[in-house]
Amino acid sequence: YPTMFKLAALSALVAGAAAFAPAQQGASSTALMAFESELGVQPPLGFFDPLGLLEDADQERFDRLRYVEIKHGRISMLAFLGNIITRAGIHLPGNVDYSGHSFDSFPDGLAALRGPDAIPFEGVGQMIAFIGFLEIAVMKDVPGTGNEFVGDFRNGYIDFGWDTFTEEEKITKRAIELNNGRAAQLGILGLMVHEQIVKIGYDADLPLIGHMS
C-alpha cells in the first residue's frame, strides 16, 4: 500500500485504542484503575487498552490521549461522511477552478489525492493550508474561556445550546460523540482498505457504498 495509506491506518488504530484498558496485574494496575470510571469506559469492552498506552500514565497523559482520540474521531466522522456522500454521486455544483474542472470530475477516496486523475497539487495545497489554519487558530482549547472538558473547543464564542443541557445530558452527548468517533475511525479505515484491495481483484458490495470500482 502507499506510504500515506499505511500512516493513516496506523494513526487510526492508535487513536482508537487510546482511552480504555483491561485490568492488569502488578504495579501498573493501580494507575489503570484510576481511569476505570472515565467517560468512554462502557460495555461491551469496558476498560480496554490493547497497546498499553495507559500503563503508568497520570491524568495529564490520559487527557492528552483523550484529546487526540476526540480530534481523530471528529476528523474521521467528516471523512467517512464525505466519502459516502461523494460515492453516492452528490457533489458541489459548478467548477473547482477557472479551467472548467467540475467538482464531480475528480475520483472519490484516495484516488482524489493519488493517481492520474488526482486533484492538482495547487488544490491539495489550499486544503492543507485551510486545515492548518483551523488547527492553529480555531480547533484548539483556549485556557480561561470556560471550556468544560478536554476537547471542548467552544472557547467562549461557540455554544449551539450546550449550556441548556443538564449534566446528565452533557455526559450522554459526549459519550455518543466518542462512540461515533471510534466507529468512524474504523469506518474510514475500512473504506481505505477496500479501495486498495480492489486493485488486487476483490471488490465487495459494501453497505451504503456499493462497489468501489
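Keep in mind that this is a model prediction, so the values were computed, not measured.

Student: I keep staring at the overall build of the protein chain and nothing clicks. Help me out?
Tutor: Assigned secondary structure in the protein chain consists of five helices and zero strands. Seen in sequence order, the protein chain has helices and strands lined up from the N terminus as α-α-α-α-α. Relative to its full complement of 213 residues, the protein chain shows a buried share of 32%. For the protein chain, the accessible area works out to roughly 13,200 Å², and carbon and sulfur atoms hold 63% of it.

Student: Where do I start with the nonpolar core in this structure?
Tutor: Side chains of nonpolar character tend, in soluble globular proteins, to be buried together. Core analysis: the biggest nonpolar cluster contains nine residues, these being Ile84, Leu110, Ile188, Leu191, Met192, Ala204, Leu206, Ile209 and Met212. The greatest single-element share of this core, amounting to three residues, is contributed by helix H5 (residues 167–197). When near neighbours in sequence (up to four residues on either side) are disregarded, Ile209 contacts Ile84, Arg87 and Leu191.

Student: Teacher, can you tell me more about the pattern of salt bridges here?
Tutor: Opposite charge on two side chains makes pairing possible when the charged atoms of those side chains draw close. Per the stated rule, a full pass over the model turns up 11 salt bridges. Across the pair Asp152 and Arg154 runs a salt bridge, and its minimum N-O distance is 3.0 Å. In this structure, Asp152 and Arg154 share a single accessibility class: buried. Between Asp163 and Arg154 there is a salt bridge, and its shortest N-O distance comes to 3.2 Å. The class of Arg154 is buried, set by a relative accessible area of 12%. Salt bridges linked by common partners bring Glu148, Asp152, Arg154, Asp159, Asp163, Glu167 and Lys170 together as one network.

Student: Looking at this model, I keep getting lost on the packing of helix H3 (residues 59–87) against H5. Mind explaining?
Tutor: Pairs of packed helices are described in terms of their axes, by the angle between the two and the distance that separates them. With their axes 7 Å apart at the nearest point, H3 and H5 run at an angle of 55 degrees to one another. On the basis of the axis angle, H3 is oblique to H5. With respect to the hand of their crossing, H3 and H5 are arranged in left-handed fashion. Each of Arg66, Glu69, Ile70, His72, Gly73, Arg74, Ser76, Met77, Ala79, Phe80, Asn83 and Arg87 in H3 lies in contact with H5, whose residues at this interface are Glu177, Leu178, Asn180, Gly181, Arg182, Ala184, Gln185, Gly187, Ile188, Leu191 and Glu195. Counted by class, the contact of H3 with H5 contains eight nonpolar, eight polar and seven charged residues.

Student: Can you help me understand the confidence of the model for the protein chain in this one?
Tutor: Any residue range with low pLDDT should be treated as having predicted coordinates unsuitable for detailed reading. Taken over all residues, the pLDDT of the protein chain has a mean of 83, while the share at 70 or more is 85%. Taken as a whole, residues 17–27 scores under 50 in pLDDT and shows 37 contacts with residues more than four places along the chain or in a different chain.

Student: Before we go on, may I ask you to explain the environment of Gly210 in this structure?
Tutor: The topology assignment puts Gly210 in the segment after H5. Look at Gly210 and you get buried, because its relative accessible area is 16%. Residues Gly210 and Arg87, 123 residues apart in the sequence, show an inter-C-alpha distance of 8.7 Å. When near neighbours in sequence (up to four residues on either side) are disregarded, Gly210 contacts Ala204 and Asp205.

Student: Help me understand unusual backbone geometry in this model?
Tutor: A negative phi angle characterises most non-glycine residues, just as the trans form characterises most peptide bonds. Across the junction of Pro43 and Pro44, the peptide omega takes the value 5 degrees, indicating a cis bond. Position of Pro44 among the secondary structure elements: in the loop between helix H2 (29–33) and H3. One non-glycine residue, Asp56, adopts positive backbone phi at about 60 degrees. Along the chain, Asp56 falls in the loop between H2 and H3. By relative accessible area, Asp56 is classed as exposed at 61%. Despite not being glycine, Phe160 has its phi angle at roughly 55 degrees, a positive value. One can find Phe160 in the loop between helix H4 (121–138) and H5.

Rules of the game
- Residues numbered from 1 in each chain as written.
- Predicted model: local features only at pLDDT ≥ 70, side-chain atom pairs only at ≥ 80, totals over all residues.
- Heavy atoms only, no water.
- Helix = DSSP H or I, 4+ residues; strand = E, 2+ residues; numbered from the N terminus.
- Buried < 20%, exposed > 50% of the residue type's maximum accessible area, 1.4 Å probe, protein only.
- Areas by Shrake-Rupley, 256 points an atom, 1.4 Å probe, with all protein chains shown as cover.
- Core = buried A, V, L, I, M, F, W, Y, C linked by side-chain atoms within 4.5 Å.
- Contact = heavy atoms within 4.5 Å.
- Salt bridge = Lys/Arg side-chain N within 4 Å of Asp/Glu carboxyl O.
- Axes fitted to C-alpha atoms, helices over the stretch in contact; angles between N-to-C directions.
- Parallel < 35°, antiparallel > 145°, perpendicular 65-115°, else oblique.
- Left-handed = near helix turned anticlockwise from the far one by under 90°.
- Nonpolar A, V, L, I, M, F, W, Y, C, P; charged D, E, K, R; others polar.
- pLDDT = per-residue confidence, 0-100.

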